[in-house]
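Coordinates in review
Now for the letters of each chain:
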Amino acid sequence: MTLEQLRILSHIVEHGSLKAAALSLHKTQPALSIAIKKLEEEFGFQILDRDSYRLQLTPLGKTFYREAEILLADASHLKSLGQELALGNEAKFQICYEQVVPESLIIPAIGQAYHQFPATEFNLRVGMRFSALEQIKNSEADIGIGPWFHIFHAQGDFDTFKIGEFEIIPVASPLLLNDHSIQQYEHLLRLPNISLPESKFQFDNEKLAYNHGSRQFKVNDILSMKSLLMSGVGWGFIPLHHIEQEIENGQLRIIEILDKEYRFSGEIRAMRQDKRIYGPVSQFLWQTLQQAPTWSRSTKWTF
């Protein structure tokens, strides 16, 4: 059995006749007949039913053809992979973005790269706080997307550009807040805090902490955090774009602290290691992200 025999069978089934299949393959009809006959002789059963006007698969032929199509698709993928590797395209590409990043900001660009380089295996990771920077620093991701602060420059040499903005606010359910008067920071610390795990960076707790003293409830993803907040388990800081609808319909309420800043905003940046040679996939995605419109939250909330 050869791939060429399977391709001939596929064209015959697709076109329904030897004549049409021969024309599409630029071969003679006898050549196609011989190829299929040898295939049938090799396995000992009839693949094509030749009794009707239009060539059809026998019951056994249908089962054989179904598996042949899978093999042909794999062969096509392998050929494409070999051609892309010969051009220097990356075999695997790692992307990490954080949950503070709106997916609409990056998914279109990643989708373009995926279709542009079909033989490349894309690995898209959604990480915890500062995981994008951490994976870039440790060479675990080719491109990271997440919040950026100037203090990050001390972590290494990075190539970055702004692609959007974020705003993080403290919120809780009215179920929790109706029984408490929250006007000062010390009042807030009396309530349980729901948060995502901190990163391994030393500056994380020291520079960006807000909830020291609160009872802690750690969760691994934004959706779980959002559900817990809405159920009244505790309060927490969460990106505003994740909860705009819940604030509008009253399921969550912004906690306004009078004696301490409570709304935090910043840049979302694409980042990668500087002074490193990047392949075509990385360069394409990097340029596509740069050309995309910068995202910012357009909705303005007043309370």
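All of these numbers come straight from a predicted model, not from anything done at the bench. Every chain is numbered independently, its residues counted from 1 as its sequence is written. Two thresholds apply to this predicted model, a pLDDT of at least 70 for residue-level local features and 80 or more for giving and counting side-chain atom pairs, whereas whole-chain, interface and lining totals are computed over all residues. Note that water and hydrogens are dropped before the side-chain values are worked out from all heavy atoms of the structure.

Brief notes about the overall build of the protein
- A count of helical and extended segments in the protein gives 12 helices and 11 strands.
- Relative to its 303 residues, the protein shows a buried fraction of 46%.
- Restricting to contacts in the protein with at least 6 residues of sequence separation, those with at least 24 account for 73%.
- For the area figures, the Shrake-Rupley method with a 1.4 Å probe applies, and any residue is considered shielded solely by the protein chains shown. Here the protein displays about 16,700 Å² of accessible surface, and carbon together with sulfur accounts for 51% of that area. The helix count covers DSSP runs of H or I at least four residues long, the strand count covers runs of E at least two residues long, and both are numbered beginning at the N terminus. Here's how the labels work: a residue is buried when its accessible area is under 20% of the maximum for its type, exposed when over 50%, partly exposed in between, all with a 1.4 Å probe on protein chains only. Residue contacts follow a heavy-atom distance rule, with two residues in contact if any of their heavy atoms lie within 4.5 Å.

Digging into the pairing of strand S4 (residues 121-127)
- In this sheet, S4 lies alongside strand S3 (residues 92-98) in parallel orientation, the contact comprising seven bridges. Bridge pairing links Lys-92 to Glu-121 in S4.
- By convention, orient the strands away from the viewer: a clockwise path from the first strand over the helix to the second makes the crossover right-handed. Taken together, S3, helix H5 (residues 103-116) and S4 form a β-α-β motif whose crossover is right-handed. The pairing criterion for strands is at least two bridges between them, as found by DSSP.

What about the pattern of salt bridges?
- One side-chain nitrogen of Lys or Arg within 4 Å of one carboxyl oxygen of Asp or Glu is enough to make a salt bridge. On inspection of all chains with the given rule, the structure shows 10 salt bridges.
- The salt bridge partner of Arg-276 is Asp-142, with a shortest N-O separation of 2.9 Å. Taken as a pair, Arg-276 in the loop between strand S11 (264-273) and helix H12 (280-291) and Asp-142 in the loop between helix H6 (131-137) and strand S5 (143-148) lie far apart in primary sequence, 134 residues in all.
- Residue class for Arg-276 comes out partly exposed when judged on its relative accessible area of 35%.
- According to the relative accessible area criterion, Asp-142 is buried, its value standing at 13%.
- Each of the salt bridges in this network shares a partner with another, and the network as a whole consists of Glu-4, Arg-7 and Lys-27.

Some details on helix H10 (residues 222-230)
- By the burial criterion, the buried members of H10 are Ile-222, Met-225, Lys-226, Leu-228 and Leu-229. Looking straight down H10, one finds its buried side chains confined to an arc of 165 degrees; they lie on one side.
- Lining the buried residues of H10 we find strand S6 (158-172), strand S7 (193-195), strand S8 (216-218), strand S9 (236-239) and helix H11 (244-248).
- Where H10 terminates, the next one or two residues include Gly-232, which has phi positive at roughly 85 degrees. This arc corresponds to the set of directions leading from the helix axis out to the C-beta atoms.

Re the packing of helix H1 (residues 3-15) against helix H2 (residues 18-25)
- Relative orientation of the contacting elements H1 and H2 amounts to 125 degrees, with a least axis distance of 8 Å. Taken together, the axes of H1 and H2 lie oblique to each other. You can see that H1 and H2 cross each other, and the crossing is right-handed. Across the interface between the two elements, Ile-8, His-11, Ile-12 and His-15 of H1 pack against Leu-18, Ala-20, Ala-21, Ser-24 and Leu-25 of H2.
- Of the residues in the contact of H1 with H2, the class split is six nonpolar, three polar and no charged. Convention adopted: a line fitted to C-alpha atoms gives each axis, helices being fitted over their contacting stretch, and angles between N-to-C directions are expressed from 0 to 180 degrees. Each angle gets one of four labels, with under 35 degrees taken as roughly parallel, over 145 as roughly antiparallel, 65 to 115 as roughly perpendicular, and the rest as oblique. When the near helix sits turned anticlockwise from the far one by under a right angle, the crossing is termed left-handed; a clockwise turn instead gives a right-handed crossing. All amino acids are sorted into three groups, where Ala, Val, Leu, Ile, Met, Phe, Trp, Tyr, Cys and Pro are nonpolar, Asp, Glu, Lys and Arg are charged, and the leftover types, Gly among them, are polar.

What to know about the side chain of Asn-193
- Following the sequence through the fold, Asn-193 ends up in strand S7.
- We classify Asn-193 as buried; its relative accessible area is 1%.
- Of note is the side chain of Asn-193, whose polar atom sits 3.3 Å from the backbone oxygen of Trp-235. For the purposes of these results, a polar contact is taken to be a pair of N or O atoms within 3.5 Å, where, inside protein, one atom must be able to donate a hydrogen and its partner to accept one; residues adjacent in sequence count only when each atom of the pair is a side-chain atom.

A closer look at the nonpolar core
- To qualify as a nonpolar core, a set must consist of buried Ala, Val, Leu, Ile, Met, Phe, Trp, Tyr and Cys residues joined through side-chain atoms within 4.5 Å. By size, the foremost hydrophobic cluster in this structure holds 27 residues, and its most contacted members are Val-171, Ile-243 and Ile-255.
- Those elements that place two or more of their residues in this core are S6, helix H7 (174-177), helix H8 (185-188) and H10.
- Considering each element in turn, this core owes the most residues, four residues, to H10.
- Residue contacts for Ile-255: discarding those within four places in its chain leaves Pro-170, Val-171, Ala-172, Leu-177, Ile-182, Leu-188, Trp-235 and Tyr-262.
- Ranked by size, the runner-up nonpolar core spans 23 residues in total, among them Phe-117, Ile-145, Phe-161 and Ile-163.

What about unusual backbone geometry?
- Although it is not a glycine, His-26 sits at a positive phi angle of roughly 60 degrees.
- Assignment of secondary structure puts His-26 in the loop between H2 and helix H3 (29-43).
- One non-glycine residue, Phe-130, lies in the positive phi region at around 65 degrees.
- For Phe-130, the location among the structural elements is in the loop between S4 and H6.
- According to the relative accessible area criterion, Phe-130 is buried, its value standing at 3%.

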